[in-house]
Amino acid sequence: MKGELMVYGAGGAGRELAFSLSLEREERRRWAVKAFVDDDRSLWGRQVNGIPVEGGREWLRSHAGPVAVTWVGNPAGKRALVGSLKGIDGISFPRIIGPNSIVSDLIDWGEGCIVALAFNWISPNVRLGDFVFVNCSTRIGHDVSIGDYTTVFSDIDISGGARIGSECIIGSGVRVNPMISIGDGSIIGAGSVVARDIPAHVVAAGVPARVIKELR
C-alpha cells in the first residue's frame, strides 16, 4: 500500500528523489510524493515537476506525516533542520530506498536514511547513521560505517571496513580504500582516491587525497 510522502527540499536532490520514486512499478510502489516543502517562499503555491510546493516548516505543523529530508550540501544545516522538525507532533522520517538498487537485509539503518536513486549496491553488515543520504551508482562494501547526516554523492566506491564520520560530504567519483577512516565534518573532493586516513574537519582532494584546507 502506497504512503503519501512529503519531500523537504525542492532543489535538485528532492526533484531527483521524487522522479526516482515515480519509476517504481505501481504494484510495488511504496511512496507517492504528495508535496514538496521548501524554505524558499517564492516557490510556495507553485508546482515543481507537477508536484505542489505547499510551504515551509511552519506549514508542516498542520500537515504532519512522513518527511524525506533532501538537504545534501550542508550536513550541519540539515541536522539543525531535522532538530526543529522533530518538535512537530506527527512528523516521521521513514527509510526511503529508490528502485533498482541492491541493498542487503543485514544493514544497521539509522533514522531517515535515503538511498535516493538507482544502481546502488550496499553490502551486508554496513552501518548507516541517522539521515545518511546516498545518491546513485555507488558501491558500499562490507563492514563500512557511515556517520549521521553524511552525504554520499554519485559513482562512489567505498571499500570494506572503511569508516566515514558524521556530517561528511563525499564527492562524486570518489574511491575510498579498505579500512580507511575519514573524520567528522570532512569533505572529500570529487574524483579523489582516499588511500590514507583523513582527519576531522578538513577538505581533502586529489589522487591520492591530501588535506588542502582546514575547516573551522
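Residues numbered from 1 in each chain as written. Predicted model: local features only at pLDDT ≥ 70, side-chain atom pairs only at ≥ 80, totals over all residues. Heavy atoms only, no water.

**Q** Explain the overall build of the protein chain here, please?
**A** Regarding its fold elements, the protein chain presents 3 helices and 24 strands. Computed over C-alpha atoms, the radius of gyration of the protein chain comes to 17 Å, within 12% of the 17 Å expected from 2.2 N^0.38 for 216 residues, which places it in the range of a compact globule. Of the contacts made within the protein chain by residues no fewer than 6 positions apart, 28% connect residues no fewer than 24 positions apart. Summed over its atoms, the accessible surface of the protein chain is roughly 10,100 Å², and 50% of this surface lies on carbon and sulfur atoms. (Helix = DSSP H or I, 4+ residues; strand = E, 2+ residues; numbered from the N terminus. Rg over C-alpha atoms; globule rule 2.2 N^0.38 Å. Contact = heavy atoms within 4.5 Å. Areas by Shrake-Rupley, 256 points an atom, 1.4 Å probe, with all protein chains shown as cover.)

**Q** Help me understand the sheet that holds strand β1 (residues 3–8) in this model?
**A** Strands in a sheet are paired, the pairing made by backbone hydrogen bonds, and the direction either parallel or antiparallel. Across the sheet, 5 strands lie side by side as β3-β4-β2-β1-β5; this open sheet has mixed pairing. Of all the strands in the sheet, just β3 (47–48) and β5 (67–69) have a single pairing partner and so form its edges. Sheet topology note: the β3/strand β4 (residues 51–55) ladder contains 2 bridges and is antiparallel. Residue pairing for β4: Val 48 is matched across the bridge by Ile 51. Contacting β1, β2 (31–37), β3, β4 and β5, helix α1 (residues 12–22) runs over the sheet at an angle of about 160° to β2. Running over the sheet, helix α3 (residues 75–85) touches β1 and β5 and is turned about 160° from β5. (Pairing = 2+ DSSP bridges. Axes fitted to C-alpha atoms, helices over the stretch in contact; angles between N-to-C directions.)

**Q** Can you help me understand unusual backbone geometry in this one?
**A** For residues other than glycine, phi is negative in most cases, and the peptide bonds are mostly trans. Omega for the peptide link from Val 207 to Pro 208 comes to 0°, which places this bond in the cis form. Positive phi outside glycine occurs at Asn 100, with the angle close to 65°. Positionally, Asn 100 belongs in the loop between β6 (96–97) and β7 (102–103). Even without being a glycine, Asp 143 presents a positive backbone phi close to 65°. Within the fold, Asp 143 resides in the loop between β13 (139–140) and β14 (145–146).

**Q** Would you explain the pairing of β4 in this entry?
**A** Here is the key point about a regular strand: its side chains alternate between the two faces of the sheet. Relative to β4, β2 is paired through 2 bridges, and the arrangement is parallel. Each bridged residue has a counterpart across the sheet, and for Val 37 the counterpart in β4 is Gly 55. Following β3, the chain reverses through 2 residues before pairing antiparallel with β4; Asn 49 in that reversal takes a positive phi of roughly 55°.

**Q** What is the right way to read the nonpolar core from this model?
**A** For soluble globular proteins, the rule of thumb is that nonpolar side chains tend to be buried together. In this structure, Ile 146, Ile 158, Ile 182 and Val 194 are the most contacted members of the largest nonpolar core, which totals 29 residues. Looking at this core, the elements with two or more residues in it are β8 (107–109), β11 (126–128) and β23 (202–205). Other than its neighbours up to four places away in sequence, Ile 158 contacts Arg 139, Ile 140, Gly 141, Val 144, Ile 146, Val 152, Ile 164 and Val 176. In terms of nonpolar packing, the next biggest core, distinct from the first, is built from 22 residues, Ala 18, Phe 36, Val 53 and Leu 117 among them. (Core = buried A, V, L, I, M, F, W, Y, C linked by side-chain atoms within 4.5 Å. Buried < 20%, exposed > 50% of the residue type's maximum accessible area, 1.4 Å probe, protein only.)

From the geometry alone we can't say anything about function, so treat these as descriptive.
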